[in-house]
Amino acid sequence: LGGVVTMCPVPPSGNGPMTMRFLRRSLVKSWKIIAGFALQKAITDPTLCRELFFGGDKQVLEDGTVEDYGVSDEDIARYQGYFRRDTDAIIDVSDFVKNLPSDKAIEGRAPFLSELPPCLVIGATRDNIVDQEGVDETAFYFGLDEAVMVDSPHDVMLGCNWQKGAEAMHDWLDTA
């Protein structure tokens, strides 16, 4: 069995066009993305980290229970530690932008499309980082008619909705 599964992927055209779409939609959300990534606040601010990746800030409900979207404070601290570690690997953005996959696309499709194994692109309906257009662009690039959208924040395989991403993959594997 072989295949490619991407979840909430950066689209082949990169972050630039997607960032502009976010800016047109919401300056507040755009600022949070910039603060989280460029200023690396997602590493130190648990509230921002929760909002960007895991569905929102913790809330105490009327009955006294805490809605943390299935991601505990301990989980957030651990994930922030992973993010911190990942910042040691620096991406040369200027070089990256010069070599975007979309630059080699043929009518929006991957030039190696005929060589690809079966593909699945999963997007999240409550993603605060990768928008629907970006997910659709990736699906089209991989030769798909559409992406599979699941009810989830950005980190599809973490938190209380992880089953939705797993079910999408399971269903795809059953039909691939």
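Please refer to the structure higher up on the page.
Conventions used here
- Residues numbered from 1 in each chain as written.
- Predicted model: local features only at pLDDT ≥ 70, side-chain atom pairs only at ≥ 80, totals over all residues.
- Heavy atoms only, no water.
- Phe/Tyr/Trp six-rings, centres within 6.5 Å; stacked < 30°, edge-to-face > 60°.
- Helix = DSSP H or I, 4+ residues; strand = E, 2+ residues; numbered from the N terminus.
- Buried < 20%, exposed > 50% of the residue type's maximum accessible area, 1.4 Å probe, protein only.
- Salt bridge = Lys/Arg side-chain N within 4 Å of Asp/Glu carboxyl O.
- Axes fitted to C-alpha atoms, helices over the stretch in contact; angles between N-to-C directions.
- Parallel < 35°, antiparallel > 145°, perpendicular 65-115°, else oblique.
- Contact = heavy atoms within 4.5 Å.
- Nonpolar A, V, L, I, M, F, W, Y, C, P; charged D, E, K, R; others polar.
- Pairing = 2+ DSSP bridges.
- Arc of directions from axis to C-beta.
- Right-handed = clockwise from strand over helix to strand, strands pointing away.

Enquirer: I tried to follow the packing of aromatic side chains on my own but got confused; where do I start?
Expert: Each aromatic ring pair is described using two quantities: the centre-to-centre distance and the angle formed by the ring planes. The final tally for this structure, using the stated rule, is 7 aromatic pairs. Seen in terms of ring centroids, Tyr79 and Tyr82 are 6.2 Å apart; in terms of plane orientation they differ by 50°. Their pairing is tilted. Taken together, the residues span about one helical turn, with Tyr79 and Tyr82 both in helix 4 (residues 73-86) at a distance of 3 residues. Tyr82 sits in the partly exposed class, given a relative accessible area of 37%.

Enquirer: Help me understand the pattern of salt bridges in this model?
Expert: Opposite charge on two side chains permits pairing when their charged atoms draw close. Throughout the structure, instances matching the rule amount to 9 salt bridges. Residue Lys32 is joined to Glu51 by a salt bridge in which the shortest nitrogen-to-oxygen separation is 2.6 Å. Of this pair, Lys32 sits in helix 2 (residues 27-37) while Glu51 sits in helix 3 (residues 46-54), and the two are 19 residues apart along the sequence. For Glu51, a relative accessible area of 26% puts it in the partly exposed group. For Arg85, the salt bridge is made with Asp86, and the minimal N-O distance between the two is 3.4 Å.

Enquirer: Even after reading the chapter, I still don't get the packing of helix 1 (residues 15-25) against helix 2, so can you show me in this structure?
Expert: When two helices pack together, you describe them by how their axes are tilted relative to each other and by the distance separating the axes. As a packed pair, helix 1 and helix 2 sit with axes 6 Å apart at the nearest point and diverge in direction by 135°. Comparing the axis directions of helix 1 and helix 2 gives the class oblique. Counting all contacts with helix 1, which are made through Phe22, Leu23 and Arg25, the residues of helix 2 involved are Leu27, Ser30 and Ile33. When grouped by side-chain class, the residues that make up the contact of helix 1 with helix 2 number 4 nonpolar, 1 polar and 1 charged.

Enquirer: Explain the sheet that holds strand 4 (residues 119-124) here, please?
Expert: Sheets are built from strands that pair by backbone hydrogen bonding, the pairs being arranged parallel or antiparallel. Pairing in this open sheet of 3 strands is parallel, and the strands run 1-4-5 from one edge to the other. In this open sheet, the two edge strands, each paired with only one partner strand, are strand 1 (4-7) and strand 5 (148-150). The average angle at which neighbouring strand axes cross in this sheet is 20°, direction not considered. Bridge count for strand 1 against strand 4 is 4 bridges, and the pairing is parallel. Counterpart to Met7 in the pairing with strand 4 is Ile122. Packed on one face of the sheet, helix 6 (residues 132-141) meets strand 1, strand 4 and strand 5 and runs near 180° to strand 4. Lying on the sheet, helix 7 (residues 162-175) is in contact with strand 1, strand 4 and strand 5; it crosses strand 4 at an angle near 160°.

Enquirer: Can you help me understand helix 1 in this one?
Expert: Spacing of three or four residues puts side chains on the same side of an α-helix, whose turn is 3.6 residues. Residues of helix 1 that are buried: Met18, Arg21 and Phe22. With its buried residues spanning 100° around the axis, helix 1 presents them on a single face. Buried-residue contacts for helix 1 involve helix 2 and helix 6.

Enquirer: Where do I start with the pairing of strand 4 in this structure?
Expert: Both faces of the sheet carry side chains from a regular strand, because those side chains alternate between them. A large share of strand 4 lies buried, amounting to 6 of its 6 residues. Side chains Cys119, Val121 and Gly123 of strand 4 all project onto a buried face; the interleaved residues Leu120, Ile122 and Ala124 project onto the opposite face, where all are buried too. The sheet contact formed by strand 4 and strand 5 spans 3 bridges and is parallel. Note on strand 5: the bridge partner recorded for Ile122 is Val148. Handedness of the strand 4-helix 6-strand 5 crossover: right-handed.

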